[in-house]
There are 2 protein chains.
Amino acid sequence: MSVNTPTITLVGAGNVATHLAEALAAGGWRVNCVFSRTMLAAETLAARVGAKPVCRLEDVPPADVCLYSVKDDVLPSVAAVLCALQPEALHVHTSGTMPLSVFPPGVKNQGVLYPLQTFSKSVAVDFRKIPCYVEGNTLETEMRVSMLALKLSPLVRSLKSDDRRRLHLAAVFACNFVNRCYALAETVATQAGVPFEELLPLIDETAAKVHRLAPHEAQTGPAVRNDSRVIAAHRALMDHDAALSSVLEPLNSSSRDAYQQPD
Amino acid sequence: MSVNTPTITLVGAGNVATHLAEALAAGGWRVNCVFSRTMLAAETLAARVGAKPVCRLEDVPPADVCLYSVKDDVLPSVAAVLCALQPEALHVHTSGTMPLSVFPPGVKNQGVLYPLQTFSKSVAVDFRKIPCYVEGNTLETEMRVSMLALKLSPLVRSLKSDDRRRLHLAAVFACNFVNRCYALAETVATQAGVPFEELLPLIDETAAKVHRLAPHEAQTGPAVRNDSRVIAAHRALMDHDAALSSVLEPLNSSSRDAYQQPD
C-alpha cells in the first residue's frame, strides 16, 4: 500500500470495470492491478490504465481498495478469496442487487458503490453526471466509500441494500425495458419500411419531456385516451407476432389503468 | 382563397393542432381560421396565429387547405361536413392510424400529413427535426401535401395508410410505452427514497445510446443475461403491486427471449 496515492485493484474487466478504471485513473487514483479470469480481458483493461493484469486471485498485489465489478453470481466466491487474502483492504462492490452482506462476515472494511448508469465498452460516459449510491459497514467505511465515489461524481447518496435493490429495479424499467421498447419499435417500423433512425427525434423528445414534466403528466397515446379502436387495430397488426403482442397487451392495460377515469 | 399566400384552416385546437398552426404560421402560411367545438379552445389558438376562431363548421370561411387535427373518433363526421362545404379545398388529416379513406368518396383533393412526434401544449418542439409522412389520393395531391409538409420539416417521406398505421404502433412503443416505463421507474425509485430526477442521466444515456448502437446491440440488464436470481428478487419486490408485476413479467420474458442462446 502506498503512503501517498491510494491504490485500487479492479476486480473484473467488463463494461462497468472499464469505465470505473478509466474514471478513477483520471481522478488521480493509482489502479495497480486489474483482475479477470480471462487474461486477455485483464491485459486489455490493465493496458488502458497502466496497471498489472492478473488472472489468479493469489497474484493480486496488496491495494488500499479492492473494487469488484464482476457478475453477481461470481461475486460471493471471488470476494471470499480476496477478502481472506487482503483483510486490511477496503472491499467495495458495485452491484445494484447484491447486499452489503455478500462479503464474508468479519471483513473489517466493506462497502458498496453503485453507479446508476448503463455502460457499453464502446460508448464513452461522463462519470460526473452519474449518481452514485454508497453504503458501508461502519460510518467510517461509508465515509471512505463516499470519498472514493466523489472522485467519480459529485452526485453521491447513501443508500441501504434493500433500497438499492429497489433502485436497481427502477433502473431496469428506465433503461433495460425502455431499450426493449426501442427494439420492438424498430421491428415494427422496419415492417412499415421506415428505418429506425427516423424514430430518433421521437425517442429524444420522449426522454427530454420528462426533464420538464413528470412521466405521469407526459403520457400520451391511445391507451391513455382509452381509444379502443386504435388499440384493437394495433392488436390486429401484431396478432401474428407473439414477441410483440405479449408485450403490447400488458403495456396497454398498464397505461390505460393508470389513467382510468372514475365512472 | 387568396391569390398569393395560401390560406389554411386548422380543424382542431389540441396539442398537435397548436404546434402545427404555429409552425405553419412561422413558415409563411396564413392560418385564416381555427375550428374547435369548444369556442375557448378555438379562441386561444386563433389568437396565437392571428386567425378567426369558430365553433361551428358552417362558419369556417373558405381556405386552400383544411388541416384536421382532431381525435380519431370525431374525424369522420367532421371531415364529412367540411368536405361537403368546401369541395375545392385540399383536405388533409394528421392521424397516424386513420386511413386516407376516412374522407368521403369523391372528395377531389384528400391527403394525410403525419408528423412523427409527441406533442404537449406546454412544451415547444422544433418541427424541422420531425419526420413527416405524407399520402395523397392522386400524385398531384400528394405533391401538394409534400409541399405543405416541407414548410414544416425537411424530413418528408411518402407512406401509405397501412404502413402509417404500423409506424404509429412503432411510435407507441418508442414513446408511449417508453414513457410508461419511466412512470413505473419513478414509482419504484420513490419507494427506494430516490427522486425521479436521479434517473434522468440513465434515461438520457439510454436514449443517446441508440443513436450509436442498434437497440438490439445496446440491450443490457438481468433479463438479457438470463440472470434468474436478480429477476426473482425483482419479482419478489413487486409481488404486492399488480400494476408493476403485470408489466415486469412480460418485459422480462420478451427481453430474455430476444437474446436466448441456442442450447
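Not measured: the values here are computed from a predicted model.

Asker: So what about the sheet that holds strand 1 (residues 7-11) of chain B? Which residues, and what values?
Answerer: All names here are of chain B. Taken together, 8 strands build an open sheet; the order of strands is 3-2-1-4-5-6-7-8 and the sheet is mixed. The open sheet has two edge strands, strand 3 (52-54) and strand 8 (156-158), and neither has a second partner. Taken pair by pair, the neighbouring strands of this sheet meet at an average axis angle of 25°, ignoring direction. In this structure, strand 5 (residues 90-93) lies alongside strand 6 (residues 109-115), joined through 4 bridges in parallel fashion. Note on strand 6: the bridge partner recorded for His 91 is Gln 110. Sitting on the sheet, helix 5 (residues 161-191) touches strand 5, strand 6 and strand 7 (132-136), and the angle it makes with strand 6 is about 20°.

Asker: A description of the relation of the copies chain B and chain A should follow, citing residues and the corresponding values.
Answerer: Of the transformation placing chain B onto chain A, the axial shift is 0.0 Å and the rotation is 180°, giving an RMSD of 0.0 Å. Within this description, the copies of the chain are treated as partners about a two-fold rotation axis. When C-alpha distances to the rotation axis are compared across chain B, the minimum falls at Val 178 of chain B, with a value of 2.5 Å. A shared binding surface is used by both copies, with 100% of the interface residues of chain B retained as interface residues in chain A.

Asker: Any details on the interface of chain B and chain A? Residues and values, ideally.
Answerer: On the chain A side, the residues contacting the 87 residues of chain B number 87 residues. Looking only at chain B, the three residues that lose the most surface to chain A are Phe 173, Arg 180 and Leu 202 of chain B, adding up to 8% of its buried area. Applying the counting criterion to the chain B and chain A interface returns 4 salt bridges. Note that Arg 157 of chain B and Glu 198 of chain A form a salt bridge whose closest N and O atoms lie 2.4 Å from each other. At the boundary of chain B and chain A, one finds 30 residue pairs in polar contact (both at pLDDT 80 or more). Of all the secondary structure elements, the ones that give two or more residues to the side of chain B that touches chain A are helix 5, helix 6 (200-212), helix 7 (215-218), helix 8 (228-238) and helix 9 (242-258) of chain B. With 26 residues, the top contributor of residues to the side of chain B that touches chain A is helix 5 of chain B.

Asker: Tell me about the pairing of strand 7 (residues 132-136) of chain A, and name the residues and values.
Answerer: Residues and elements named next belong to chain A. When you tally the buried positions in strand 7, you get 5 out of 5 residues, the bulk of the element. Pairing of strand 6 (residues 109-115) with strand 7, which is carried by 5 bridges, proceeds in the antiparallel orientation. Of the residues in strand 7, the one forming a bridge with Leu 113 is Val 134. Pairing geometry for strand 7 and strand 8 (residues 156-158), over 3 bridges, is parallel. Counterpart to Tyr 133 in the pairing with strand 8 is Arg 157.

Asker: Please set out the packing of helix 8 (residues 228-238) of chain A against helix 9 (residues 242-258) of chain A residue by residue, giving values where relevant.
Answerer: Residue and element names in this part refer to chain A. Viewed as axis vectors pointing N to C, helix 8 and helix 9 meet at an angle of 165°, and their least axial separation amounts to 9 Å. It follows from the interaxial angle that helix 8 and helix 9 lie roughly antiparallel. Handedness of the crossing formed by helix 8 with helix 9: left-handed. Only Leu 244, Ser 245, Leu 248, Glu 249 and Asn 252 of helix 9 make contact with helix 8, whose side of the interface consists of Ile 231, His 234, Arg 235 and Met 238.

Asker: Account for the pattern of salt bridges, naming residues and giving values.
Answerer: All chains considered together, the criterion is met by 22 salt bridges over all chains. Arg 256 of chain A serves as the salt-bridge partner of Asp 257 of chain A, at 3.6 Å between the closest nitrogen and oxygen.

Asker: If you had to explain the environment of Glu 142 of chain B to someone new, which residues and values would you point to?
Answerer: All names here are of chain B. Structurally, Glu 142 is set in helix 4 (residues 139-152). Looking at Glu 142, the relative accessible area reads 13%, which means it is buried. With sequence-adjacent residues up to four places away left out, Glu 142 is seen in contact with Val 134, Glu 135, Gly 136, Ser 158 and Lys 160.

Asker: Which residues make up the pairing of strand 5 (residues 90-93) of chain A, and what are the values?
Answerer: Of the two faces of strand 5 of chain A, both are covered, the one formed by Leu 90 and Val 92 of chain A as well as the one formed by His 91 and His 93 of chain A. With helix 3 (residues 75-85) of chain A bridging strand 4 (residues 65-68) of chain A and its parallel neighbour strand 5 of chain A, the resulting β-α-β unit is right-handed.

Analysis parameters
Per-chain numbering applies: the sequence of each chain, read as written, is numbered from 1 onward. Chain labels run from A onward and ligand labels from 1 onward, assigned in the order the entries are written. Thresholds applied to this predicted model are a pLDDT of at least 70 for local features of residues and 80 or more for the giving and counting of side-chain atom pairs; totals over whole chains, interfaces and linings are not thresholded and use all residues. For the side-chain quantities, the full set of heavy atoms in the structure was used; hydrogens and water were omitted. Pairing between strands is defined by DSSP: at least two bridges between the two strands are required. Strands here are runs of E lasting at least two residues and helices are runs of H or I lasting at least four, both read from the DSSP assignment and numbered beginning at the N terminus. Only C-alpha atoms enter the line fits that serve as axes; for helices the fit covers just the stretch in contact. Angles between N-to-C directions range over 0 to 180 degrees. Note on contacts: a residue pair qualifies if any of its non-hydrogen atoms lie within 4.5 Å across the two residues. Copy-to-copy alignment: least squares on C-alpha atoms, limited to residues at pLDDT 70 or above in both. In this description, buried area is defined as the sum, over both parts, of the accessible area (probe of 1.4 Å) that is lost when the two are combined. Salt bridge criterion: a side-chain nitrogen from Lys or Arg within 4 Å of a carboxyl oxygen from Asp or Glu. Polar contacts, as used here, are pairs of N or O atoms within 3.5 Å; protein pairs need one atom able to donate a hydrogen and one able to accept it. Residues neighboring in sequence count only if both atoms are side-chain atoms. Only protein chains enter the area calculation, which uses a 1.4 Å probe; residues under 20% of their type maximum are buried, those over 50% are exposed, and those in between are partly exposed. Roughly parallel refers to an angle under 35 degrees, roughly antiparallel to one over 145, roughly perpendicular to one between 65 and 115, and oblique to any angle outside these ranges. Two helices crossing with the near one rotated counterclockwise from the far one by less than a right angle form a left-handed crossing, whereas a clockwise rotation gives a right-handed crossing. Here the term right-handed applies to a crossover when the path leading from its first strand over the helix to its second strand runs clockwise, the strands being oriented away from the viewer.

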